[in-house]
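Letter by letter, the chains look like this.
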Amino acid sequence: MKRVLTILLALALMLPSALAEYDEHMTFTTSFIETGTADSYTDDAVYRHFADKFNLDFETYTVTWDNWEEKDRIWISSGTMPDLMQWNFKYDEYLTYATQGLIAPMPEGWEQDYPNLYDSVVASGIYEKLLVDGKIYALPRVTFYIFSPIDAPISHTTYYYRKDWAKELGYDFGYTVTIDEFMQFCRDAVAKDMAGNGATIGIAAKSNFMMDLQTAMYVEACGSGSDFSKVNGKYVWNPTLDGTTERIKALREYYNEGVLDPDFYLDAKSDPKNKFASGLAAALIEDGPCTHFVYRKNEFLAANPDVDPAEIWDYIGACALVSNDGFWYGNEGTNYWTASIFSPEIDEQLQRRILALMDYACTKEAQEIIALGIPEVDWTYDENGGYKILRPANEDGSYPDIKSIYSSCYFWYIFTVLADDFTFVDPTLDAYIRETVMALYKARAEHGAYIPLDVDYMFFTSEAKSQYSVSIDDEIMRLILDSSVDIDTEWAKFIEDNRALWEPVVNDLNAAFAE
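Along every chain, residues carry numbers that run from 1 in the direction the sequence is written. The predicted nature of this model means local features are confined to residues of pLDDT at least 70 and side-chain atom pairs, given and counted, to a pLDDT of 80 or more, with totals for whole chains, interfaces and linings taken over all residues. Hydrogens and waters are ignored; side-chain quantities use all the structure's heavy atoms.

*Asks:* With reference to specific residues and values, describe the overall build of the protein.
*Replies:* Each helix is a run of H or I in the DSSP string that is no shorter than four residues. Each strand is a run of E no shorter than two, and both are numbered from the N terminus. Each helix and strand in the protein was counted, giving 25 helices and 16 strands. What the globule rule says is 2.2 Å times the number of residues to the power 0.38, and the radius of gyration is computed from C-alpha atoms. Taking 2.2 N^0.38 as the reference for a compact globule, 515 residues should give roughly 24 Å; the C-alpha atoms of the protein span a radius of gyration of 25 Å, in line with that estimate. Taking the principal axes of the C-alpha coordinates as reference, the protein spans close to 75 × 60 × 35 Å. Scored against the burial criterion, the 515 residues of the protein give a buried share of 53%. We call two residues in contact whenever any of their non-hydrogen atoms come within 4.5 Å of each other. Counting only contacts in the protein whose residues sit at least 6 apart along the sequence, the fraction spanning at least 24 positions is 74%. Charged residues are defined narrowly, with Lys and Arg counted positive, Asp and Glu counted negative, and His plus the chain ends left uncounted. Every charge is mapped to an atom, namely NZ of Lys, CZ of Arg, CG of Asp or CD of Glu. The centroid of the 39 positive side-chain charges in the protein is displaced by 2 Å from the centroid of its 85 negative side-chain charges. Think of it in three bands: with a 1.4 Å probe and only protein chains considered, a residue is buried below 20% of the maximum accessible area for its type, exposed above 50%, and partly exposed in between.

*Asks:* Now, about the pattern of salt bridges: what can you tell me, with residues and values included?
*Replies:* By salt bridge we mean one thing: a side-chain nitrogen of Lys or Arg within 4 Å of a carboxyl oxygen of Asp or Glu. Within this structure, the stated rule accounts for 22 salt bridges. Notably, a salt bridge pairs Arg-352 with Asp-113, separated by 2.9 Å at the nearest N-O pair. Of this pair, Arg-352 sits in helix H16 (residues 348-361) while Asp-113 is found in helix H6 (residues 110-113), placing the two residues 239 residues apart along the sequence. The exposure class of Arg-352 is partly exposed, given its relative accessible area of 22%. Relative accessible area serves as the criterion here: at 44%, Asp-113 is assigned to the partly exposed category. In this structure, Arg-352 and Glu-348 form a salt bridge, with 3.0 Å as the shortest nitrogen-oxygen distance. On the criterion of helical spacing, the pair formed by Arg-352 and Glu-348 is a turn pair, its members being 4 residues apart in helix H16. Within the structure, one salt-bridge network assembled from shared partners comprises Glu-69, Arg-73, Lys-90 and Glu-93.

*Asks:* Describe the packing of aromatic side chains, and please don't skip the residues or the numbers.
*Replies:* The relative placement of two aromatic rings is captured by the distance of their centres and the angle of their planes. The criterion for an aromatic pair is that two Phe, Tyr or Trp rings (for Trp, the six-membered ring) have centres within 6.5 Å, with stacked assigned to planes under 30 degrees apart, edge-to-face to planes over 60 apart and tilted to the rest. For the coordinates displayed, the defined rule picks out 60 aromatic pairs. Taking the centre distance of 5.9 Å and the plane angle of 50° together, the rings of Tyr-61 and Trp-75 count as tilted. Of this pair, Tyr-61 sits in strand S2 (residues 56-63) while Trp-75 sits in helix H4 (residues 68-78), placing them 14 residues apart in sequence. Classification of Tyr-61 by relative accessible area gives partly exposed; the value is 32%. For Trp-75, a relative accessible area of 14% corresponds to the buried category. Centroid distance Trp-379 to Tyr-381: 5.2 Å. Interplanar angle 90°. Geometry classified as edge-to-face. What makes Tyr-381 partly exposed here is its relative accessible area of 39%. The residue whose ring lies beneath Arg-296 is Tyr-160, and the NZ or CZ to ring-centre distance is 5.3 Å. Lying over the aromatic face of Tyr-457, Lys-465 brings its terminal NZ or CZ to 4.2 Å of the ring centre. Whether a charge sits over a ring comes down to the Lys NZ or Arg CZ being within 6 Å of the ring centre and within 35 degrees of the ring normal.

*Asks:* Hey, could you go over the packing of helix H13 (residues 244-256) against helix H23 (residues 472-481) for me, with residue numbers and the actual values?
*Replies:* Relative orientation of the contacting elements H13 and H23 amounts to 50°, with a least axis distance of 8 Å. Taken together, the axis directions place H13 and H23 in an arrangement best described as oblique. Helix-helix and strand crossings are classified by hand; for H13 and H23 the assignment is right-handed. Contacts from Arg-247, Ile-248, Leu-251, Arg-252 and Tyr-255 in H13 reach Ile-476, Leu-479, Ile-480 and Leu-481 in H23. Each residue gets one label: Ala, Val, Leu, Ile, Met, Phe, Trp, Tyr, Cys and Pro are nonpolar, Asp, Glu, Lys and Arg are charged, and the others, such as Gly, are polar. By residue class, the composition of the contact of H13 with H23 is 7 nonpolar, no polar and 2 charged. Fitting a line to C-alpha atoms yields each axis, with helices limited to the stretch in contact; the angle taken between N-to-C directions then spans 0 to 180 degrees. What sets the label is the angle itself: under 35 degrees gives roughly parallel, over 145 gives roughly antiparallel, 65 to 115 gives roughly perpendicular, and the rest give oblique. Here is the rule for handedness: rotate from the far helix to the near one, and if that takes an anticlockwise turn smaller than a right angle the crossing is left-handed, while a clockwise turn gives right-handed.

*Asks:* Tell me about the nonpolar core, and name the residues and values.
*Replies:* The tendency in soluble globular proteins is for nonpolar side chains to be buried as a group. Grouped together as the largest cluster of nonpolar side chains are 76 residues, with contacts concentrated most on Phe-89, Tyr-94, Leu-139, Phe-342 and Trp-412. Considering every element that reaches this core, the biggest residue donor is H16, with 8 residues. Joining through side-chain atoms within 4.5 Å is the link that ties buried Ala, Val, Leu, Ile, Met, Phe, Trp, Tyr and Cys residues into a set, and such a set is a nonpolar core. By size, the runner-up hydrophobic cluster in this structure holds 57 residues, among which are Tyr-171, Phe-173, Tyr-254 and Ala-464.

*Asks:* Help me get a handle on the side chain of Arg-353, residues and values and all.
*Replies:* Relative to the assigned elements, Arg-353 resides in helix H16. No salt bridge is formed by the buried Arg-353; the nearest opposite charge belongs to Glu-24, separated by 5.1 Å. Other than its neighbours up to four places away in sequence, Arg-353 contacts Tyr-22, Glu-24, Met-26, Phe-54, Asn-55 and Leu-56.

*Asks:* Hey, could you go over helix H25 (residues 499-513) for me, with residue numbers and the actual values?
*Replies:* Helices are assigned an expected span. That span is 1.5 Å times one less than the residue count. An ideal rise of 1.5 Å per residue puts 21 Å on 15 residues; H25 measures up with 20 Å between its terminal C-alpha atoms. Lining the buried residues of H25 we find strand S10 (228-231), strand S11 (234-237), helix H21 (455-458), helix H22 (463-467) and helix H24 (487-497).

*Asks:* Account for the sheet that holds strand S9 (residues 201-204), naming residues and giving values.
*Replies:* By definition, two strands form a pair when at least two bridges between them are found by DSSP. Overall, mixed pairing links the 5 strands, which are arranged S8-S13-S7-S12-S9 in an open sheet. The open sheet has two free edges, formed respectively by strand S8 (176-178) and S9, since each of these has just one partner strand. Here the strands of the sheet are splayed against their neighbours by 35° on average, with no regard to which way each runs. Here S8 runs beside strand S13 (residues 316-322); their pairing, made up of 3 bridges, is parallel. Directly across from Thr-178, in S13, lies its bridge partner Val-322.

As structure tokens, this is what we get:
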């Protein structure tokens, strides 16, 4: 009871003029991907803080990863979309929806009226590309904005490895490891059967992550992260780049000698992570923001209950894979994930109220509440301006996930600024995690020969590009798995068989952007 009264008092102090400014109560409908299950996303103090501040409630339309895109398209095309929708931004669809009036533009003067929200859209790096006849119809949900020290959103793909196995086998890795040294560690782990089951796996990964091994081999063959790259001022299709077949041969060799999980192409999403956590694999290729280090920790402790949580990082190491001459050949990514769009039927007064809420959600104050809870109840500032957590810690000294206390945070975490941003300063995370992720980003940048994000290609539209559909990774995987075929011959055939699809795109790109 005391905690409830304290929360109510804290909320009252935070909201002195909310109802005076927004005297008419409004409700809107909204969709979001259900990243965690809860009985309600609108029944806790964090939700009430945002809702009461703007005299605005919402009703959720939850979607799953499996049905998200299909539901979005049905809602949009049928004119039945919620007032506000989380949408998997795709530029060609965006242009179609905007020009056909299937989504609403931002109201006149929104940039000045909602400056925090506007700044977040600019921070996404694609503001100019969003303009359609001078109007913007989608608001990207920015990744790095307020708290992150990251200059460019370079790829965070991370190579997790069994640090205890590496030590036993005589390896001492830093934040970057050359591909030859890392693969030798994996070979040794397999040869010594470190899992103790007669079938130790070297590297476990989903198929798309397994393809990341290419980036540490030959930069010329890796391209820009898309299927097309600009080389010496002209666009080319990546499979035609020099060195492509050499890296496919290297991947096949790794597979044949047992370094790569023999079943990687059959794995479901969680299988590689489970194999690593349960001690079957020497390494795992996965995403590497702070939240994923927490996942790795929890997965490992769940599979190994006898391990002391305080010693978890003696078992799990992490590095960025670099070429043998020391360069990190990754890619710069987008500084956003998904976007917010409005129904064309929305009343402008309601849209503006939602935009005011979104504008506030882009502030430091709001992001601290989303990540840490209610000020002076869950946390406060210490004498140095840092964060001091007031809520009880777990037995091991860690803190419960804020979403387990305030389930509405599942929604707020991805509402405007993504949760990745605050993790760099989050005091509830292990200091090791924050320091390691920061060091890995720094190491990638310092060793980087990475390819900047190609916004020209990303936002280029043409009939040929819209018709292009070739799975390069599927062909690479086929050649890795089938040792009976000659890679050079098959690759040349692959290029020719698909020429009618890729060559028109190359021609269009060069007509528009060739130097």
